[in-house]
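Results of the structural survey
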Amino acid sequence: MSDCVVSAKGVRKRFADREVICGIDFDIRPGICFGILGPNGAGKTTLMRMLLGLSPVTDGDYTLFDKPVSDASTHSRVGVVPQQDNLDPDFSVRLNLHVYAGYFGIRAADAASRIDELLEFAALATRGDDKVARLSGGMRRRLMVARALINNPDLIVLDEPSTGLDPQARHLIWQRLRSLKARGKTLILTTHYMEEAAELCDELIILDHGTILTRGTPRALIAEHVEAEVVAVRGLSNELDAAELCEGLDIRRDHVGDTWFCYGSDARPLVARCSKRSELSFIHRPASLEDVFLKLTGRDMRAEA
Amino acid sequence: MSALSLQPGHVLAVWRRNFLVWKQLAAASMLGNFGDPFLYLLGLGYGLGHYIGDMSGIPYMAYLASGILCSSAMNTATFEGLYSAFTRMNQQGTWESMLATPVRINEIIAGEQMWAASKSLISGTAIFIVAGLLGAIQQWDTALLALPVIFLIGLAFAGPALAFCAVSPSYDFFLYYFTLAITPMFLFCGVFYPLDTLPAAVQDFAQILPLTHAVALVRPLLTEMPLTEPWLHAGVLAAYAIGGFLLATRLATRRLLR
């Protein structure tokens, strides 16, 4: 028995012509929110699908609650919130949950009281009798979270839970996910919103081209990979101009399109210089996970994205 | 994972999901399954029956009603196994949502197959009642045995339909299945006239088709025609049901669990 909810050792996934997961190792301890980050095509979804037994593991040791991921009996302890809406459009909110409870063998009477709690939790208590088709995007996503909790799972797996939601809906989802963590649930989250990862994740891995680029807490990753402060400057005419602006300062520069990203442990002198040049526009902010992500995975637009 | 290791609770949960959807739209759904065969029965049974009189020694209405009962079971199960199952597999993500639970792909196929057969039974029962009212049922003591047979017919057609569904890229492909498999059976398996009027080669070929055996089993149960080799007919239908289930499970696994 290990004390990990999920354990991956040398996990590989090969499709006919290419390897999309190239030997990955990680462990997920109980009670944390674990983030899997990466650009589109990095292998996040494949890693999740394998975890849920939806895609056979080509090679390596991938376990869920100490059992191979292919063993679906572990699904009774797992809740899944897929990215794609697969609620039953023919059913009311309540009936969606009832029918889903049936797949877990939960008795109708037990399900009924559980469903009341879940509708309350998902802020859908007044919408129980509405058809799913009449719900907003945020409500549907909350219903999917509620559905994933019907079997009172120990692990909840979420694939881009806030994609396509407005800020209010997104914050409500985040709040609910934090409260699940507070109740001792383990969460696995894939996302390409760095803000989401920073808000929720205790630990994360950044994935690209099927390998793990880095791992750690959001704070540690920022400390390890980027300087503390960033000044994003627009209006510079060329690289020479940028070099001149930063002359004599301990600044690392990164040029993308019309913007120069200037990283340093103390950016105040640079900010002072920028302020003197009225043709420049600039934003001064603390470095974020997004800076780490872009530094490691590159700023270039990708063909597969 | 063996395809035949099925947990009844899981299969029933899949079946129940489809049943609950049907229940909400039962009236419209019934009309679709039942309207068509009913028109055939009235139009051909009365119209054509008037000129034909008896066929194989029984009134044409009785002859036709038993055939239509079988062909409607075929159509209902096939339609459910193709169009409706495809919607759940491909459009709505229903199967994928089930796969996130302890339910397995073979249990989904089994539940879908049972449900398609249940729909055959529902529409078959309605036609059975109409046939009774029209005086097309001659043998009430064995007639009720036709109902479980209709369920078996549904299983036999739902299995292959689900297998075809699992490899179809879109709804458009189902037309091939109807044109190449379902319509020929409708016309050449003894629904409208006895097989022995056909050329010998066609008769032989018809013997491997499930609808031939469905008709050969159901017609003697409803009419005064003698019942011959019932277990052979039931065996062929069961073989289609089980073979279709195994094939559909294999193909759906290949499609969904990549």
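Residues numbered from 1 in each chain as written. Chains lettered and ligands numbered in written order. Predicted model: local features only at pLDDT ≥ 70, side-chain atom pairs only at ≥ 80, totals over all residues.

It is worth spelling out the overall build of chain B at this point. A tally of regular secondary structure across chain B gives 11 helices and 2 strands. The secondary structure elements of chain B, listed N-terminal to C-terminal, are α-α-β-β-α-α-α-α-α-α-α-α-α. What you see for chain B is a C-alpha radius of gyration of 18 Å, in line with the 18 Å of a compact globule of 258 residues. With the C-alpha coordinates aligned to their principal axes, the bounding extent of chain B is approximately 60 × 40 × 35 Å. (Helix = DSSP H or I, 4+ residues; strand = E, 2+ residues; numbered from the N terminus. Rg over C-alpha atoms; globule rule 2.2 N^0.38 Å.)

Moving on, we get to the domain arrangement of chain A. Each assigned domain of chain A is listed here: domain 1 (6-222) and domain 2 (227-286). One C-alpha centre belongs to domain 1 of chain A, the other to domain 2 of chain A, and the line joining them spans 39 Å. (Domains from an automatic or database assignment.)

All names here are of chain A. If you walk across this open sheet you meet the 6 strands as β6-β7-β8-β3-β9-β10, and the pairing is mixed. The strands lining the two open edges of the sheet, one partner per strand, are β6 (78-81) and β10 (211-216). Between one strand axis and the next, the sheet turns by 15 degrees as a mean value, whatever way the strands run. As defined by bridge partners, strand β7 (residues 155-159) adjoins strand β8 (residues 186-191) across 5 bridges and the pair is classed as parallel. Bridge assignment links Asp159 to a residue of β8, and that residue is Thr190. (Pairing = 2+ DSSP bridges. Axes fitted to C-alpha atoms, helices over the stretch in contact; angles between N-to-C directions.)

Further remarks concern the interface of chain A and chain B. Counting residues at the interface gives 20 residues for chain A, matched by 21 residues for chain B. In terms of residues, the side of chain A that touches chain B owes the most to one element, helix α2 (residues 93-103) of chain A, which gives 4 residues. Grouping the amino acids of the side of chain A that touches chain B by side-chain chemistry returns 10 nonpolar, 8 polar and 2 charged. (Contact = placed C-beta atoms within 7 Å. Nonpolar A, V, L, I, M, F, W, Y, C, P; charged D, E, K, R; others polar.)

All names here are of chain A. By the bridge criterion, 6 bridges tie strand β11 (residues 229-234) to strand β13 (residues 259-264) in an arrangement that is antiparallel. Bridging from a neighbouring strand, Glu229 pairs with Gly264 of β13. In the sheet, strand β12 (residues 252-256) pairs with β13 via 5 bridges, with the strands oriented antiparallel. Bridging from a neighbouring strand, Val256 pairs with Thr259 of β13.

This part takes up unusual backbone geometry. Excluding glycine, most residues fall at negative phi; most peptide bonds, likewise, are trans. Of note in the backbone geometry, A:Phe65 takes a positive phi value of approximately 50 degrees without being a glycine. Here A:Phe65 lies in the loop between β4 (59-64) and β5 (67-68). On the basis of neighbour count, A:Phe65 is assigned to the buried category, with 20 C-beta atoms found within 10 Å. In this structure, B:Glu229 takes a positive phi of about 45 degrees despite not being glycine. As for its position among the elements, B:Glu229 is in the loop between α10 (210-222) and α11 (230-256). Overall, the presence of 11 C-beta atoms within 10 Å leaves B:Glu229 in the exposed class. (Buried ≥ 20, exposed ≤ 12 C-beta atoms within 10 Å, placed from the backbone.)

As a further point, take the nonpolar core. By size, the foremost hydrophobic cluster in this structure holds 162 residues, and its most contacted members are A:Leu51, A:Val157, B:Leu69, B:Cys70, B:Ile153 and B:Val218. For this core, the element with the most residues is helix α3 (residues 60-91) of chain B, which contributes 17 residues. Two domains each put at least three residues into this core: domain 1 (6-222) and domain 2 (227-286) of chain A. When neighbours within four sequence positions are excluded, B:Ile153 is seen to be in contact with B:Cys70, B:Ala73, B:Met74, B:Ser120, B:Ala214 and B:Leu237. (Core = buried A, V, L, I, M, F, W, Y, C linked by C-beta atoms within 7 Å.)

This next bit is on the packing of helix α7 (residues 218-225) of chain A against helix α10 (residues 289-297) of chain A. Residues and elements named next belong to chain A. It is at 9 Å that the axes of α7 and α10 come closest, and there the two elements cross at 55 degrees. Between α7 and α10, the angle is such that the two are oblique. The two elements α7 and α10 meet at a crossing, and its hand is left-handed. For the pair α7 and α10, the contacting residues are Pro218, Leu221, Ile222 and His225 in the first and Leu289, Val292, Lys295 and Leu296 in the second. Across the contact of α7 with α10, the residue classes break down as 6 nonpolar, 1 polar and 1 charged. (Parallel < 35°, antiparallel > 145°, perpendicular 65-115°, else oblique. Left-handed = near helix turned anticlockwise from the far one by under 90°.)

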